[in-house]
Structures are given as structure tokens and as C-alpha cells.
Amino acid sequence: MRKRIRTHQARLGMYVEEVESRRDDKTYKEGFLIASPEELADIHNSKIISLVINTKNGADLAADETAASHETALLSRFSSNEIHAAKAIIKETKPVIRHLFSEARLSGLPDLDSAHLVADHIVETAQDSVVAIIGVSRLKSRDESTYLHSLAVSALMVSFGRALGLSEASVRTLAVGGLLHDIGKMAVPVEILSSRKKLSGEELAIVRSHPARGHEMLRQFDDVPPLVLEICLHHHERHDGRGYPFGLKGNGIPFAARLAAICDVYEAMTTIRPYKPAWSSTEAIGVMLQSHGQFDPSLLRRFLSMVLSGETV
Ligand SMILES: [Fe+2]
């Protein structure tokens, strides 16, 4: 089985098939065994960002290494009460979010009451526990990925909105927008969404239709706030105009969608999956700062200071 790992996770006995280097932003095909401590040290000290290993030909990651180190990191940042509260909220809201999404898939009509219920739950929770939700939901299995991503983006939007000094009414609307930003993915066939192969041009176009499909779903209701519609339709626009669906530029992209773009990418990058190592929060921000033109630069700096000051994780 092929697995992408972070450089620091490389171990003796692993068989490396690809290396991604920071030196020139390229991926190289390789095929070698990490056979000596010296070779391992060379990798750890190199400009390699990540490696793809093949566990058929060599050693694997320790099975629970990712989960265990995540648990340790959580305990160093949060009290056990905060972690307990976050886990309780996740347990309670997961079936509600699942219902919201499955209704959208089955009937094309998302159950908006579910979104409002979860948004209320998040904004009524103490801010420290909102941050703990982001931390706890970082570790996701494949089947809970969609729900936990939406919940964590929502919690990030709440934290970011508050750090920016927005009104609590706006913060609540951002929470709803975070939950619904990817609802249009429920109009994309599951085989395409869950495919781990490289998508064809046609399949990619279908995936990229999700903002418009979500927007269509939400427009069937007459009480969805404009902010939520904007987040859904424009969260993949880029600051430099190279995003989709409309290629809007700079301040032409609605403010809430610019916030959502940052929270969405940050959440995806810091997500820990059994088969995919995560970026640390500062590594993720570092990469986002270097991805020139993707994000609103002044909002990204505000987001960075929120992360560095510990207001979020
Ligand atoms: Fe999306």
C-alpha cells in the first residue's frame, strides 16, 4: 500500500517510491530502501517535504502513531474537561450533520434545520471548547471526513469571525455557512468523490461544479442568509482570479467567502488521516503564505496571528 508521510515520520526499513522536495517544488520518482541510520539522517535533514512509501516493500508507520501523537498534542493544549466537552459535542452533532448531508444527497433538499441546530450548538459553546472541537476533529477516519470537515470549518469560521470582532449574529451566520459550504458535493457521484485515482478532466469538472450545485440547493429556500449563499458559491474563488466558478478577483470575492477559503484549506491541510500525514498549524500557514495569489493576504495575516496567539489551533 502506498502512503504519503511527512519527512520526520521516515523510519529505517521504509521503501520510498516518491519524494517531494521543497528545493524546486517538484516530485521525484524514486525507489529505494532506507537502509542505514545515515540515509535516514540525510532524509530528515534534507529539503524533502514528504515521501510516498510502499508498505508492500518495506516498513510501515507504527499503526497508532498518528492517533497517539495527536492525543498527546491535544492534552498539552487543552484541559481534559475541554477535550471531554468537545468530544461530547462532536458525538452529539455528527448524526445531525450526517442527516443534513444525506437529505441533500437523497432529495437535493438539505435539512437546514439540522444546520441551524448545529450552528446554535457551536456558537453557544464556550470559545475554548469551540477551539477544542477544531483540535479534536482534526483526526478523521475516511467515512467521517465530510461531517467532521464541515463541523471543523464551521468552528474555525466562528473563531475567525470573533477574532475579527464581527457581531455574534454574523458569527452565527458564518457557522451555518461553514457547515453548508460543501453541501453541493452531495450532488457529485460518490465514486468520483471518493476516488483515489487521478480524476479525468470531465470528473474534475463535475467536482468543480459543487459550489454551483450547492448554491442551487440552497436557493430553493427563501430564508437562507446571503452570507451563506456567498460562502457556498464562492469558497473556491482565488484572490488572483484563478479560482472557480467565476474567477472573481480580490475584493470582488465576497468577504465571507474569502474567510471560508482560508478556513477550508487550513482545515484540510491540518487534518490527520490514517493514510495521510498532516501539516502542523504553523507549517500549513507557512505553505498558505507562500501560495501567492490564492488567499486575501491581509485576511491570511489576521488568520496567522489568530493561530500564533493560540486563539485557535
Ligand atoms: Fe468546496
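The structure displayed is predicted, hence computed values, not measured ones.

Visitor: Could you give an account of the overall build of the protein chain, with specific residues and numbers?
Guide: When helices and strands are counted, the protein chain shows 14 helices and 4 strands. Each of the three principal axes of the protein chain carries a C-alpha extent, and together these read 65 × 50 × 40 Å. Considering only contacts in the protein chain between residues 6 or more positions apart, those separated by 24 or more positions represent 69%.

Visitor: Break down the nonpolar core for me, citing the residues and quoting the values.
Guide: Residues Ile133, Ala155, Leu156, Met157, Val158, Ala175 and Cys263 are the most contacted members of the largest nonpolar core, which totals 60 residues. A per-element tally of this core places helix 6 (residues 145–163) first, with 10 residues. If near-sequence neighbours (up to four positions away) are discounted, alanine 175 is found in contact with Ala119, Ile122, Val123, Ser154, Met157 and Val158.

Visitor: Account for the pairing of strand 4 (residues 48–54), with residues named and values stated.
Guide: Two faces, one strand: in a regular strand the side chains alternate between the faces of the sheet. Here strand 1 (residues 2–6) runs beside strand 4; their pairing, made up of 5 bridges, is antiparallel. Paired with isoleucine 5 across the two strands is leucine 51, which belongs to strand 4. The pairing of strand 2 (residues 15–21) with strand 4 spans 5 bridges and is antiparallel. Each residue of the ladder has a partner; that of valine 16, found in strand 4, is isoleucine 53.

Visitor: Which residues make up the domain arrangement of the protein chain, and what values go with them?
Guide: Each domain of the protein chain was delimited in the assignment, giving domain 1 (2–54) and domain 2 (65–308). Between domain 1 and domain 2, the C-alpha centre-to-centre distance is 30 Å.

Visitor: So what's going on with the packing of helix 12 (residues 255–270) against helix 13 (residues 281–290)? Which residues, and what values?
Guide: Packing of helix 12 against helix 13 brings their axes to within 9 Å, and their N-to-C directions diverge by 130 degrees. Taken together, the axis directions place helix 12 and helix 13 in an arrangement best described as oblique. Between helix 12 and helix 13 the crossing geometry is right-handed. Packed against helix 12, whose contacting residues are Val265, Tyr266, Met269 and Thr270, the element helix 13 presents Ser281, Ala284, Val287 and Met288 at the interface. Considered class by class, the residues forming the contact of helix 12 with helix 13 number 6 nonpolar, 2 polar and no charged.

Visitor: Explain unusual backbone geometry to me, and be specific about the residues and the numbers.
Guide: Proline 245 follows tyrosine 244 through a cis peptide bond whose omega is 5 degrees. Tracing the backbone shows proline 245 in the loop between helix 11 (226–234) and helix 12.

Visitor: Talk me through helix 10 (residues 210–219); I want residue IDs and the actual numbers.
Guide: Among all positions in helix 10, only His210, Pro211, Gly214, His215, Met217 and Leu218 are buried. Along helix 10, the residues classed as buried sweep out an arc of 160 degrees about the axis, all on the same side. In this structure, the buried side of helix 10 is in contact with helix 3 (80–107), helix 7 (168–180), helix 9 (201–207) and helix 11.

Visitor: I'd like a rundown of helix 7, residues and numbers included.
Guide: The terminal C-alpha atoms of helix 7, which comprises 13 residues, lie 19 Å apart, in line with the 18 Å expected from a rise of 1.5 Å per residue. With 10 of its 13 residues buried, helix 7 lies for the most part within the structure. Looking at helix 7, one finds that the buried residues are Val171, Arg172, Thr173, Leu174, Ala175, Val176, Gly177, Gly178, Leu179 and Leu180. Buried residues belonging to helix 7 abut helix 3, helix 4 (112–123), helix 6, helix 10, helix 11 and helix 12.

Visitor: Run through the environment of glutamate 38, naming residues and quoting values.
Guide: Here glutamate 38 is to be found in helix 1 (residues 37–44). Residue glutamate 38 is classed as exposed on the basis of its C-beta count, with 8 C-beta atoms lying within 10 Å.

Definitions and limits used
- Residues numbered from 1 in each chain as written.
- Predicted model: local features only at pLDDT ≥ 70, side-chain atom pairs only at ≥ 80, totals over all residues.
- Helix = DSSP H or I, 4+ residues; strand = E, 2+ residues; numbered from the N terminus.
- Contact = placed C-beta atoms within 7 Å.
- Core = buried A, V, L, I, M, F, W, Y, C linked by C-beta atoms within 7 Å.
- Buried ≥ 20, exposed ≤ 12 C-beta atoms within 10 Å, placed from the backbone.
- Pairing = 2+ DSSP bridges.
- Domains from an automatic or database assignment.
- Axes fitted to C-alpha atoms, helices over the stretch in contact; angles between N-to-C directions.
- Parallel < 35°, antiparallel > 145°, perpendicular 65-115°, else oblique.
- Left-handed = near helix turned anticlockwise from the far one by under 90°.
- Nonpolar A, V, L, I, M, F, W, Y, C, P; charged D, E, K, R; others polar.
- Arc of directions from axis to C-beta.
- Expected span 1.5 Å × (residues − 1).

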